[in-house]
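# Notes for the structure review
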Amino acid sequence: MNAMREINSEHKIALVTGAGSGIGRAVSLALGGAGWSLVLAGRTASSLTETAEAVALAAGALAAGGDSAGGDSVGGDVLVVPTDVTVPEEVDALFAAARERYGRLDLLFNNAGTFGPGGVPVDELPYSAWRKVVDTNLTGSFLCAQAAFRQMKAQDPPGGRIINNGSVSAHAPRPDSIAYTATKHAVTGLTKSLSLDGRAYGIACGQIDIGNATTDMTQRMRSGVPQANGEVAVEPVMEVGDVAGVVVHMAGLPLSANVQFATVMATAMPLIGRG
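Residues numbered from 1 in each chain as written. Predicted model: local features only at pLDDT ≥ 70, side-chain atom pairs only at ≥ 80, totals over all residues. Heavy atoms only, no water.

On to the pairing of strand S9 (residues 261–265). The alternating pattern of S9 places Ala262 and Val264 on a buried face, while none of Phe261, Thr263 and Met265, on the opposite face, is buried. Bridging between strand S6 (residues 203–211) and S9 involves 5 bridges; their strand directions are parallel. For Asp209, the partnering residue across the bridge sits in S9 and is Thr263. (Buried < 20%, exposed > 50% of the residue type's maximum accessible area, 1.4 Å probe, protein only. Helix = DSSP H or I, 4+ residues; strand = E, 2+ residues; numbered from the N terminus. Pairing = 2+ DSSP bridges.)

In this structure, Leu31, Leu38, Phe109, Ile163, Ile208 and Val243 are the most contacted members of the largest nonpolar core, which totals 35 residues. Among the secondary structure elements, those contributing two or more residues to this core are strand S1 (13–16), helix H1 (22–33), strand S2 (37–42), helix H2 (45–65), strand S4 (107–110), S6, helix H6 (240–252) and S9. At 7 residues, H6 tops the list of elements feeding residues into this core. If we skip the residues at most four places from it in the chain, Ile163 touches Leu107, Leu108, Phe109, Asn110, Gly206, Ile208, Val247, Met250 and Ala251. Within the second largest apolar cluster, 27 residues are counted, among which are Leu15, Leu79, Ala145 and Ile162. (Core = buried A, V, L, I, M, F, W, Y, C linked by side-chain atoms within 4.5 Å. Contact = heavy atoms within 4.5 Å.)

To continue, consider the environment of Val232. When you line up the elements, Val232 lands in strand S8 (residues 232–233). Judged by relative accessible area, Val232 falls into the exposed class, the value being 59%.

A few words on the pattern of salt bridges. Inspection of the entire model under this criterion finds 6 salt bridges. The residue Asp84 makes a salt bridge to Arg43 at a minimum N-O spacing of 3.1 Å. Within this pair, whereas Asp84 is found in the loop between strand S3 (78–82) and helix H3 (88–102), its partner Arg43 is found in the loop between S2 and H2, the two being separated by 41 residues in sequence. With a relative accessible area of 17%, Asp84 lands in the buried category. With a closest N to O distance of 2.8 Å, Arg174 and Glu235 form a salt bridge. Of this pair, Arg174 sits in the loop between strand S5 (160–165) and helix H5 (178–197) while Glu235 sits in the loop between S8 and H6, and the two are 61 residues apart along the sequence. We note that Arg174, like Glu235, is buried. (Salt bridge = Lys/Arg side-chain N within 4 Å of Asp/Glu carboxyl O.)

Purely geometric numbers; function is a separate question.
Right under this line is the structure:
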């Protein structure tokens, strides 16, 4: 039976990976509040359900308060699909579920990622740790981008947008972060290739490079992290909602315009002074 639902034409469809926590959850909330219907993907079903419930609660509050941007443009329709983005078959099933539910895809926020082990010198990094970071940050991003590209190329009308979550580590490394840094540099290449190859099909691709947003993954910034000069220092952080606002802006542009790269970082973090 076809489970595709009737969706208000004003409600575009976004798929968010890594949606169970942190940046993915914040972006899902912001997109839902901006009227998008959502497909939430991540490894843990319970975390995705918490995000979906938060989106529904926020959408209900906006509708009750009349605070939505378009008055009646609150999205709130959410599909939860537990997915390991490193497994091709699971990625295929994710996009098939999105297609069956909504019929099209307007946005992929390609967000799933992992830091891997921190503070491990290059010569001591286990191959298994290297492979896990590469599989998640690079191969997982490719698999999701490929599936989104395939869907956006084939749908009628064609087109859509892919936003990759890069990192300020796509510009400058931290000490002992070779796996994470290498994959984030590679994501930049992925973004550029997708942007070029998507032109003929109305597919835009941009990248958001984030520095020190407040999430569980960045709690260590508040207790001190190694610096290039060998010292350990506490680093400033910013609210994750500020990142979500930038993603919503990028997502809301017409396909004739694209934010190719955006860097959003805590104002006083030491990135500009690295090295």
